Amino acid sequence: MKQDICYKYKNNLYLNITNRCTMRCPYCIKYRWQWKYRGYNLRLKNEPAAEEIIRAIDSRLKGIKEAVFCGYGEPTLRLDVIKTVAAHLKKYSVFVRINTNGHGDMINGRNICPELKGLVDRVSISLNACNARDYYEMHKPVFGMKTFKGVVEFVKECRKYVPEVVITTVRLPGVDIKKCSEIARSLGAGFSARKYLQGYEKT
Ligand code: SF4
């Protein structure tokens, strides 16, 4: 079956640049939905090169307001691809967003936020716990107990270089939405509580 490296939804173009991830979230839909999404096959046999992504998006840019680097996976595992493709999108004045788990600095071993300046308009960072232990227990991140602190630092650094930084939290049992929103506010980030997606949903 053909792999889909980008797909349109409403006025957005979503870019599926990797299936790899540094966490294993219990709410991750890629396993429950067999890597499908709205009829697209997001299971990548090969991670697409930047040139391949650019070829794929160029024929789909008409009417697109926003391009979103996402997955099914953690996009900052492919930072160079993000930078190359985002620079291309900026030639067409497309609003660029990254959906991330906030591990970008830990993954790349440096502060990557200055590299996003001028290329990325919004970073949407997933945060579903309010302390290091709960975060680790829920997500089993490869960076261990220090990951929560790393995500908080990532939010702070993003705020210096990216115009819009938003923390997103899934409405799951046991997740304290109010506390997560307070963390977002204390970091100067926006906040959005997201619906927990049970099964395949068309809207
Ligand atoms: S960070 Fe995203 S892709 Fe990775 S396991 Fe969690 S929900 Fe899935």
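Quick caveat, the model's predicted, so the values are computed rather than measured.

Visitor: Would you take a moment to explain helix α5 (residues 132-139) for this structure?
Guide: One side-chain oxygen of the residue at the start of α5 lies 3.2 Å from the amide nitrogen of Arg-133, identifying that residue as Asn-131. Once α5 ends, the next one or two residues include Lys-140, with phi positive near 50°.

Visitor: It is not clear to me how the sheet that holds strand β7 (residues 122-126) should be interpreted in this structure. Could you clarify?
Guide: Note: strands within a sheet are paired through backbone hydrogen bonds, in either parallel or antiparallel orientation. One open sheet holds the seven strands; their spatial order is β1-β2-β5-β6-β7-β8-β9, and the pairing between them is mixed. Only two strands of the sheet have a single partner each, and these edge strands are β1 (6-9) and β9 (190-194). Taking the axes of each pair of neighbouring strands and ignoring which way they run, one obtains an average angle of 25° across the sheet. Its contacts with the sheet put helix α6 (residues 147-161) on β6 (95-100), β7 and β8 (164-170), and the angle it makes with β7 is roughly 165°.

Visitor: I would appreciate a short explanation of the side chain of Thr-100 in the present structure.
Guide: Of note, Thr-100 is situated in strand β6. Residue Thr-100 is classed as buried on the basis of its relative accessible area of 5%. If we ignore the near neighbours within four places in the chain, the residues touching Thr-100 are Glu-74, Thr-76, Val-123, Ser-124, Ile-125, Ser-126 and Phe-154.

Visitor: Is there a simple way to think about the site of the ligand in this case?
Guide: Neighbouring residues of the ligand: Cys-21, Met-23, Arg-24, Cys-25, Tyr-27, Cys-28, Lys-30, Gly-73 and Asn-101. Classifying every residue of the shell around the ligand gives five nonpolar, two polar and two charged.

Visitor: So what exactly am I meant to see when it comes to helix α3 (residues 79-90) here?
Guide: Working note: α-helix, 3.6 residues per turn, so residues spaced by three or four point in the same direction. Helix length check: α3, at twelve residues, gives a terminal C-alpha distance of 16 Å against a target of 16 Å (1.5 Å per residue), a fit within 8%. When α3 is considered as a whole, its buried residues turn out to be Leu-79, Val-81, Ile-82, Val-85, Ala-86, His-88 and Leu-89. At its buried positions, α3 is contacted by β2 (12-15), α2 (50-58), β5 (66-69), β6 and α4 (104-108).

Visitor: Even after reading the chapter, I still don't get the nonpolar core, so can you show me in this structure?
Guide: A general trend in soluble globular proteins is that nonpolar side chains are found buried together. Residues Leu-15, Phe-69, Val-85 and Leu-89 are the most contacted members of the largest nonpolar core, which totals 56 residues. Sequence-distant contacts of Leu-15, defined by excluding residues within four places in its chain, comprise Ile-5, Cys-6, Ile-57, Val-68, Phe-69, Cys-70, Gly-71, Val-85 and Leu-89. Core analysis: the next-biggest nonpolar cluster, separate from the first, contains ten residues, Ile-29, Tyr-37, Val-68 and Cys-70 among them.

Cut-off values and rules
Residues numbered from 1 in each chain as written. Predicted model: local features only at pLDDT ≥ 70, side-chain atom pairs only at ≥ 80, totals over all residues. Heavy atoms only, no water. Polar contact = N/O pair within 3.5 Å; in protein donor to acceptor, adjacent residues only side chain to side chain. Helix = DSSP H or I, 4+ residues; strand = E, 2+ residues; numbered from the N terminus. Pairing = 2+ DSSP bridges. Axes fitted to C-alpha atoms, helices over the stretch in contact; angles between N-to-C directions. Contact = heavy atoms within 4.5 Å. Buried < 20%, exposed > 50% of the residue type's maximum accessible area, 1.4 Å probe, protein only. Near = heavy atom within 4 Å. Nonpolar A, V, L, I, M, F, W, Y, C, P; charged D, E, K, R; others polar. Expected span 1.5 Å × (residues − 1). Core = buried A, V, L, I, M, F, W, Y, C linked by side-chain atoms within 4.5 Å.

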